[in-house]
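# Descriptive analysis of the structure
Chain residues, written in single-letter form:
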Amino acid sequence: MKKFTQTQLDELNEKLQAFSPVEIIEWVITKAENPVVTTNFRPYEAAILHAVTRVEPNLKVIWCDTGYNTPQTYKHATQVAEQLNLNIKLYIPKQTAAYRDAFFGGIPEVNSTQHEEFTKQVKLEPFQRAIKEQNPDLWFTNLRKGQTSFRDSIGILSYSKDGILKVSPFYHWSDEKLDIYLAEHNLPNEFKYFDPTKVLSNRECGLHA
């Protein structure tokens, strides 16, 4: 896939604000050879999963499950996967939760010296393994402006640390607009979500920043 210069990226991000999420997906997916979408089934993830599969029903959906999701999230993931007939590629940590409990005594505090290794085990390594095996040239995400300071600095289009074009079709959408989208398409939502590597909602876990 041809790489955009920063100037081109800035110009495109300005122009794409006038496009709907589906129009953005339709435009960019024709330029890719191996697109994927990633999800953790956090709140509002059903929107991006619905939008991308409207354009490409068999799109690969990478789910890196930390193993620490809430029961509600697991039920939500099952419901969304069945409703949208998702082509899920599941990746989980190499170590079990029991193994980590023995070494870390549970989930390490954010300021603990063990938190970096914990994050690597439950999220970064499975994600890196997924990217290596699936080898995408286009990565759909549901990043949105206002979530973290880093996400405020990017746009609809940005590049990952590995040079993969990331596309966030709902980047400029508010929760209120997404609520309407979910209702219009009869999509579920679930707010009882927990990320053990972030703890605070305004922290980055390392996948994007």
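Structure's up top.
Everything numeric in this text was worked out from a predicted model, so none of it was measured.

Basis of the calculations
- Residues numbered from 1 in each chain as written.
- Predicted model: local features only at pLDDT ≥ 70, side-chain atom pairs only at ≥ 80, totals over all residues.
- Heavy atoms only, no water.
- Salt bridge = Lys/Arg side-chain N within 4 Å of Asp/Glu carboxyl O.
- Helix = DSSP H or I, 4+ residues; strand = E, 2+ residues; numbered from the N terminus.
- Polar contact = N/O pair within 3.5 Å; in protein donor to acceptor, adjacent residues only side chain to side chain.
- Phe/Tyr/Trp six-rings, centres within 6.5 Å; stacked < 30°, edge-to-face > 60°.
- Buried < 20%, exposed > 50% of the residue type's maximum accessible area, 1.4 Å probe, protein only.
- Lys NZ or Arg CZ within 6 Å of the ring centre and 35° of its normal.
- Contact = heavy atoms within 4.5 Å.

A pair can form between side chains of opposite charge whenever their charged atoms are brought close. Counted according to the given criterion, the structure contains four salt bridges. Across the pair D175 and R144 runs a salt bridge, and its minimum N-O distance is 2.7 Å. Here the residue D175 occupies a position in helix α8 (residues 175-184), and R144 occupies one in the loop between β4 (138-140) and α7 (149-152), the gap between them amounting to 31 residues.

Looking now at the side chain of T141. Topologically, T141 is positioned in the loop between β4 and α7. One polar contact links T141 to S168, side chain to side chain, over a distance of 2.8 Å.

We now examine the packing of aromatic side chains. Per the stated rule, a full pass over the model turns up 11 aromatic pairs. For the ring pair F4 and W27, a centre distance of 6.4 Å and an interplane angle of 15° mean the geometry is stacked. In this pair, F4 is assigned in the segment before α1 (6-15) and W27 in helix α2 (residues 21-29), connecting sequence segments 23 residues apart. Judged by relative accessible area, W27 falls into the partly exposed class, the value being 25%. Connected via pairs of aromatic rings, a cluster forms that spans F41, W63 and Y74. Here the guanidinium or amino end of R144 rests over the ring plane of Y44, the centre of that ring lying 5.3 Å away.

Attention now moves to unusual backbone geometry. Backbone geometry at Y44 places phi at a positive 75°, although glycine is not the residue there. Mapped onto the elements, Y44 comes out in the loop between β1 (35-39) and α3 (45-55). The class of Y44 is buried, set by a relative accessible area of 5%. Positive phi outside glycine occurs at N85, with the angle close to 50°. Assignment of secondary structure puts N85 in the loop between α4 (71-84) and β3 (87-91). Assessed through its relative accessible area of 61%, N85 is described here as exposed.

Further remarks concern the environment of R42. In this structure, R42 sits in the loop between β1 and α3. Here R42 falls in the partly exposed class, since its relative accessible area comes to 24%. Between the C-alpha atom of R42 and that of H76, which follows or precedes it by 34 residues, the distance is 9.1 Å. With residues up to four places along the chain from it excluded, the contact list for R42 reads E190, Y193 and K198.

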